[in-house]
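Here is what each chain is made of, one letter per residue.
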Amino acid sequence: MVKTANDTRQRLVAATADMIRRRGLNATSVRELAKFANTPLGSTYHYFPGGKTQMVQEAIEWTQQSISGFLQKVFAEDPVQGLDDFLARWRVRLLQDEFNAGCPLLAVVMEEPANDDAKAGIQAAGEAFKHWQATLAAMLARHGLAEQEARSLAILSISALEGSIILCRAEKSLAPLDTVAQQLRALFIQKFPKP
């Protein structure tokens, strides 16, 4: 199979997101990203003339689009099942990574903005979180919740999930995610009763 320039570029974007979720933003260098993505260092500057700032912003955008698409897919038919599927995805992810990686957006916003890369990353991550909230709120509203209630439930769900990921990593345990899943599921069942 012939690799295209787009494959290399996409591999660098995905590697940036993956490295950030494992190491954090400040510990992620362009040189290390090239090694992690198994690409020549020159490729990073060819595809990303804006350097690390551009790579980080595109990795955040890629993450935002990936999760937004997943939210639209799993919440399309049944919000309770959508919640189960979304939490199951994180359960698998945490286990596969042995609790050594979390959400790249969260990793970016948790760091002190040491330079312009971090400041731009924090701004992009904030916009991505807003997009996830809006996407989930729109899906919940499609299932009958009033707009404000859907927005509140979306913020609660994403905040609880992100918080549980931090606790899972710290405790090296799925218990925090399981607790959040149980509580959110009970709330979703209450909000979206089966006919």
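Residues numbered from 1 in each chain as written. Predicted model: local features only at pLDDT ≥ 70, side-chain atom pairs only at ≥ 80, totals over all residues. Heavy atoms only, no water.

All right, on to the UniProt feature "DNA-binding region" (unreviewed entry) in the protein then. When the UniProt feature table is mapped onto this chain numbering, "DNA-binding region" (unreviewed entry) sits at residues 29–48. Annotation note: span residues 29–48, helix share 70%, strand share 0%, distance between end C-alpha atoms 13 Å. (UniProt positions renumbered as here; feature names shortened; annotations may be inferred. Helix = DSSP H or I, 4+ residues; strand = E, 2+ residues; numbered from the N terminus.)

A few words on the UniProt feature "domain: HTH tetR-type" (unreviewed entry) in the protein. This chain's UniProt record puts "domain: HTH tetR-type" (unreviewed entry) on residues 6–66. Within the segment residues 6–66, helix and strand shares are 79% and 0% respectively, and the terminal C-alpha atoms sit 17 Å apart.

Our next topic: the packing of helix H5 (residues 79–96) against helix H8 (residues 147–171). Where H5 meets H8, the axes come as close as 12 Å, and the angle between the chain directions of the two elements is 20 degrees. Classified by the interaxial angle, the pair formed by H5 and H8 is roughly parallel. Where H5 crosses over H8, the two elements pack in a sense that is right-handed. On H8, the residues that touch Phe86, Leu87, Trp90 and Leu94 of H5 are Leu161, Ile165, Cys168 and Arg169. The class makeup of the residues in the contact of H5 with H8 is seven nonpolar, no polar and one charged. (Axes fitted to C-alpha atoms, helices over the stretch in contact; angles between N-to-C directions. Parallel < 35°, antiparallel > 145°, perpendicular 65-115°, else oblique. Left-handed = near helix turned anticlockwise from the far one by under 90°. Contact = heavy atoms within 4.5 Å. Nonpolar A, V, L, I, M, F, W, Y, C, P; charged D, E, K, R; others polar.)

With that settled, the discussion passes to the packing of aromatic side chains. Tallied over the entire structure, the rule returns four aromatic pairs. With 5.5 Å between their ring centres and 90 degrees between their planes, phenylalanine 129 and tryptophan 132 make a pair best called edge-to-face. With phenylalanine 129 and tryptophan 132 both in helix H7 (residues 116–142) and three residues apart, this pair spans about one turn of that helix. For the pair phenylalanine 129 and tryptophan 132, a shared accessibility class is recorded, and that class is buried. Here a set of aromatic residues connected by ring pairs shows up, and it is made of Phe75, Phe188 and Phe192. Above the ring of phenylalanine 70, the side-chain terminus of arginine 89 is found at 4.3 Å from the ring centroid. (Phe/Tyr/Trp six-rings, centres within 6.5 Å; stacked < 30°, edge-to-face > 60°. Buried < 20%, exposed > 50% of the residue type's maximum accessible area, 1.4 Å probe, protein only. Lys NZ or Arg CZ within 6 Å of the ring centre and 35° of its normal.)

Further remarks concern the nonpolar core. Judged by nonpolar contacts, the single largest core of 46 residues is most densely connected at Phe75 and Leu140. For this core, the secondary structure elements donating two or more residues are helix H4 (51–74), H5, helix H6 (104–110), H7, H8 and helix H9 (175–191). Sort the elements by how many residues they give to this core and H7 lands first, with 10 residues. Residue contacts for phenylalanine 75: discarding those within four places in its chain leaves Gly82, Leu83, Phe86, Leu136, Met139, Leu140, His143 and Phe188. In terms of nonpolar packing, the next biggest core, distinct from the first, is built from 12 residues, Met19, Ala37, Met55 and Ala59 among them. (Core = buried A, V, L, I, M, F, W, Y, C linked by side-chain atoms within 4.5 Å.)

Pairing is possible between side chains that carry opposite charge, provided their charged atoms lie close to one another. A full pass over the atoms with the stated rule returns 12 salt bridges. A salt bridge links aspartate 18 to arginine 21; the nearest nitrogen and oxygen atoms lie 2.8 Å apart. Taken together, the positions of aspartate 18 and arginine 21, both in helix H1 (residues 5–23) and three residues apart, correspond to about one turn of that helix. Overlapping salt bridges, with partners in common, bring together Asp18, Arg21, Arg22 and Asp97 in one network. (Salt bridge = Lys/Arg side-chain N within 4 Å of Asp/Glu carboxyl O.)

Here we come to the environment of isoleucine 165. Within the secondary structure, isoleucine 165 sits in helix H8. Residue class for isoleucine 165 comes out buried when judged on its relative accessible area of 1%. Along the backbone, isoleucine 165 and arginine 22 are 143 residues apart, and their C-alpha atoms lie at a distance of 13 Å. Setting aside chain neighbours within four positions, we find isoleucine 165 in contact with Trp90, Leu94, Gly102 and Cys103.

Positive phi, normally seen in glycine, also occurs at asparagine 38, with a value near 55 degrees. Inspection of the secondary structure assignment puts asparagine 38 in the loop between helix H2 (30–36) and helix H3 (41–47). For asparagine 38, a relative accessible area of 68% corresponds to the exposed category. We note that glutamate 98 has phi near 50 degrees; this positive angle belongs to a residue other than glycine. Position of glutamate 98 relative to the elements: it lies in the loop between H5 and H6. Overall, glutamate 98 belongs to the exposed group, its relative accessible area being 57%.

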